[in-house]
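Next come the chains, spelled out residue by residue.
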Amino acid sequence: MFFQAVTLFPEMFAALTEHGVSGRALRQGLWRFDTVNPRQFADNRLGYIDDRPFGGGPGMIMMAAPLQAAIGFARSRCQGDSRVVYLSPQGAPLTHRRVAALAQQPNLILLCGRYEGVDERVLQTHVDEEISIGDFVVSGGELPAMMLMDAVLRLLPDVLGDSRSAEQDSFADGLLDCPHYTRPAEFDGMPVPEVLMSGNHAKIAEWRLEQSLRRTLSRRPELLDGRMFSPQEARLLERIRKEQAN
Ligand SMILES: NC(=O)c1ccc(NC2CCCC2)nc1
C-alpha cells in the first residue's frame, strides 16, 4: 500500500509515520508514504494557493491549478491504479466496509483541504471519491486523512502483528467490542468476570460474543438492522431479548 497525502502541512503526518503500529509497519516496509505540498506547484512567485471565493463569503478557497498539478504529480509516482480521496463533511460516511475496500487498493492519494475548502472543479475532474469521517467540521483534511489511513493500515496483513486483533476489532464482525480486563484481578474492589478466569475458551468466546451483542443492542441497535446472525448469535440475542422483555 502506497499512501500519498496532498497537504499544506506534511509534518502533521508524523503522528502516523513516527508512532505506534503504523510507524513500526512503515519502518518494516509494510506500507509506503509520501506527501506532496501544493505550494510547490503555485504558478505565481509568492506561492499563492488560495484565493477569495467567487460570489463572496468568508474565508479562502484552495485554487484548482496547484491542486491539479499536485494530484498529477502524486499519480505519476504510483505503479498501477491510484485512487484519489477527498476528505470532507460532504463525503460518504466512512464505515468498516469502506475501509476494508480501500485496504485492497495499491495506491491511495488523500487530498487534504484547508481554509473553506477546494475549488469544485478539482473535485469534479480529479477526485475519485469524497469521504467523511463524521458529521462535524475540522480545520483541515489532515486529521480525517490520518484516521482513514490508520483504519486501513490496521487491516493490512502483518501490520498488527497478531492479525487476530484486527478481526476482534469493533465493526469487523459488525458488532461493538466486548469489555476488556487485565491485571490486577481485583481493582478498587471490582473483580474481573469469573468466566474470564476459567480457562474455558469456548465459554469465554461465548461470553465475549454475548457482551458484544448486548452492547450493540443497547448502544447502537441500528447496527443490527439487516445483519445476518449465526445460530449462536441468534440464540444469544433471543436470550438477551427475553431477559429485557421481563
Ligand atoms: N468530517 C470530515 O471527514 C471532515 C473532513 C474535512 C474537514 N475539513 C476540511 C475540509 C475542507 C477544509 C477543511 N472537516 C471534516
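Each value, and the rule that gives it
Residues numbered from 1 in each chain as written. Predicted model: local features only at pLDDT ≥ 70, side-chain atom pairs only at ≥ 80, totals over all residues. Heavy atoms only, no water. pLDDT = per-residue confidence, 0-100. Phe/Tyr/Trp six-rings, centres within 6.5 Å; stacked < 30°, edge-to-face > 60°. Helix = DSSP H or I, 4+ residues; strand = E, 2+ residues; numbered from the N terminus. Buried < 20%, exposed > 50% of the residue type's maximum accessible area, 1.4 Å probe, protein only. Lys NZ or Arg CZ within 6 Å of the ring centre and 35° of its normal. Contact = heavy atoms within 4.5 Å. Core = buried A, V, L, I, M, F, W, Y, C linked by side-chain atoms within 4.5 Å.

### Quick look at the confidence of the model for the protein chain
- When pLDDT is averaged across the protein chain, the result is 95; 96% of the residues are at 70 or more.
- Among the scores for the predicted complex, ipTM is 0.99 and pTM is 0.94.

### Some words on the packing of aromatic side chains
- This model, assessed by the stated rule, comprises four aromatic pairs.
- The interplanar angle of 35° and the centroid separation of 5.3 Å between the aromatic rings of phenylalanine 13 and phenylalanine 33 together place this pair among those described as tilted. Residue phenylalanine 13 is found in the loop between β1 (2-6) and α1 (14-17), and its partner phenylalanine 33 is found in strand β2 (residues 32-36); the two are separated by 20 residues along the sequence.
- Classification of phenylalanine 33 as buried rests on a relative accessible area of 19%.
- Judged by centre distance (6.0 Å) and plane angle (55°), the ring pair of tryptophan 31 and phenylalanine 33 falls under tilted. Residues tryptophan 31 and phenylalanine 33 agree in their burial class; the two are buried.
- Put simply, the rings of Phe3, Phe13, Trp31 and Phe33 touch in pairs and so form one group of aromatic residues.
- Cation over ring: arginine 32 sits above phenylalanine 2, and NZ or CZ is 4.0 Å from the ring centre.

### Things to note about the side chain of glutamate 210
- Inspection of the secondary structure puts glutamate 210 in helix α8 (residues 201-219).
- By relative accessible area, glutamate 210 is classed as buried at 9%.
- The residues contacting glutamate 210, other than those within four sequence positions of it, are Leu236, Arg239 and Ile240.

### Some remarks on the nonpolar core
- Ranked by size, the top nonpolar core spans 25 residues in total, and within it Phe3, Trp31 and Leu148 carry the most contacts.
- Listing elements by their share of this core, those giving two or more residues are β1, β5 (83-93), α4 (96-102), β6 (107-111) and α6 (142-153).
- In terms of residue count, α6 provides more of this core than any other element does, six residues in total.
- Discounting chain neighbours no more than four positions away, the residues touching phenylalanine 3 are Trp31, Arg32, Phe33, Asp34, Leu108, Leu110, Leu148, Met149, Val152 and Leu153.
- Counting residues in hydrophobic clusters, the runner-up holds 20 residues, among them Val36, Ile71, Val118 and Val122.

### Concerning unusual backbone geometry
- Along the chain, arginine 183 connects to proline 184 via a cis peptide bond; the corresponding omega equals 5°.
- Looking at the element boundaries, proline 184 is found in the loop between α7 (164-168) and β8 (186-187).
- Of note, tyrosine 115 is a non-glycine position whose phi angle comes to about 60°, a positive value.
- Backbone geometry places aspartate 158, a non-glycine residue, at a positive phi of 75°.
- Summarising the element assignment, aspartate 158 is placed in the loop between α6 and α7.
- The exposure class of aspartate 158 is exposed, given its relative accessible area of 53%.

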